[in-house]
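These are the residues of each chain, in order.
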Amino acid sequence: MFLKVRSKVTKSFGTEKLSFLAKKGVFRQPPPRVLATSIVEKLDFKFPLTVSCVHFICSSIGAFLMIKVLKLKPLISVEPQDRWRRIFPMSFVFCINIVLGNVSLRYIPVSFMQTIKSFTPATTVILQWMVWRKYFDWRIWASLVPIVGGILLTSVTELSFNVFGFCAALFGCLATSTKTILAESLLHGYKFDSINTVYYMAPFATIILALPALVLEGSGVLEWVQTTPTLMSSLMIIIGSGVTAFCLNFSIFYVIHSTTAVTFNVAGNLKVAFAVACSWMIFKNPISPMNAFGCAITLIGCTFYGYVRHKLANQLPGTPRTPRSRIEMAPLVNDKIDDKV
């Protein structure tokens, strides 16, 4: 009896809304897109570039406070030419990834986009092998088959094909892989840490997105500010999402710094399978036998990948990383001067 009463009370406080979001596939999206989607639905703030700018501004402020004010991490000094050569490309790809993700969601459903994004671990391995000349054990390649295949089975239903949306999602998949590879190269190869990466990356990303946001969304934002009845509370929600984005960006680079780009993207596929399972267990969102089988295959593949990584780590001491290419072997300016970075 108590459980029934509690269930009704919980539902009255918003479980119906959460269940609706789960059915719409919101919880299958990457966390930054969840924030943007929630803001659009709740506040009618249909300006994704502006939201992303706010997120990067909050990330810049958060990293500045942690390094300069709270002194939680020492600032790694990087010469201007190295910022443009090493950090700007990653910031640019980071922004391209966000834009392509938002564009693809305008033309294709979440399930179709997630099907394409499920190839991210595979494209990461292929790019690192072809472009960065990184060697992978055959067991790593084998583990990607159930990881990618399982998410394909999980997301393959209710597909609605659109050429433009498909191309945007496909290039977004490549941008995601490139972003994580560049982040791994910076964090592992140049002795950066996660908070310093956010400190240098976020201002570049803000500058890159500011102009298109101003040109494409400036007038709409001004109109929204003038017509929104609950302006202060809405702004607080948007700024709060920026604080969450800072924590998320820090977490992304921390995970890549602690593991590898491939492991990070494998964890992304595991997150999708976990979200589908939770939507079924918590929100009673019905899933087909094929979806359930896909989740199980993904979990098995991720478990096998973790086992292989553990075995390889015991065989080869040290964190697996991209081998030094001729570009990476070129030291930062500060390396040449005092070997601080």
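Just above sits the structure.
Every chain's residues receive numbers from 1 upward, in the order its sequence appears when written. Whole-chain, interface and lining totals are the exception, using all residues; otherwise, since this is a predicted model, local features are given only for residues with pLDDT of at least 70 and side-chain atom pairs are given and counted only at 80 or more. Values reported for side chains reflect all heavy atoms of the structure, with hydrogen atoms and water molecules removed beforehand.

(A) Quick look at the side chain of threonine 260. The residue threonine 260 is located in the loop between helix H10 (231-258) and helix H11 (261-281) in this model. Partly exposed residues are those whose accessible area sits between 20% and 50% of the maximum for their type, while under 20% is buried and over 50% is exposed, using a 1.4 Å probe and protein chains only. Classification of threonine 260 by relative accessible area gives buried; the value is 2%. For the purposes of these results, a polar contact is taken to be a pair of N or O atoms within 3.5 Å, where, inside protein, one atom must be able to donate a hydrogen and its partner to accept one; residues adjacent in sequence count only when each atom of the pair is a side-chain atom. Only 3.0 Å separates the side chain of threonine 260 from the side chain of threonine 263, close enough to count as a polar contact. Each helix corresponds to a stretch of at least 4 residues labelled H or I by DSSP, and each strand to a stretch of at least 2 residues labelled E; elements are numbered beginning at the N terminus.

(B) How the structure looks around the pattern of salt bridges. A carboxyl oxygen of Asp or Glu within 4 Å of a side-chain nitrogen of Lys or Arg is what we treat as a salt bridge. All told, the structure shown has three salt bridges when counted by the stated rule. Between aspartate 82 and arginine 85 there is a salt bridge, and its shortest N-O distance comes to 2.7 Å. Placement of both aspartate 82 and arginine 85 in helix H4 (residues 80-107) is noted, with a separation of three residues, approximately one turn of the helix. Relative accessible area serves as the criterion here: at 0%, aspartate 82 is assigned to the buried category. For the salt bridge of glutamate 184 with lysine 134, the shortest nitrogen-to-oxygen distance reads 3.4 Å. Taken together, the residues span a long stretch of sequence, with glutamate 184 in helix H8 (residues 163-189) and lysine 134 in the loop between helix H6 (120-130) and helix H7 (138-155) at a distance of 50 residues. Here the two residues glutamate 184 and lysine 134 agree in accessibility, since each one is buried.

(C) Layout of unusual backbone geometry. If you check the backbone angles, lysine 71 has positive phi at about 60 degrees while not being a glycine. By the secondary structure assignment, lysine 71 is in the loop between helix H3 (48-69) and H4. Phi at arginine 133 is positive, roughly 55 degrees, even though this residue is not glycine. Relative to the elements of secondary structure, arginine 133 occurs in the loop between H6 and H7.

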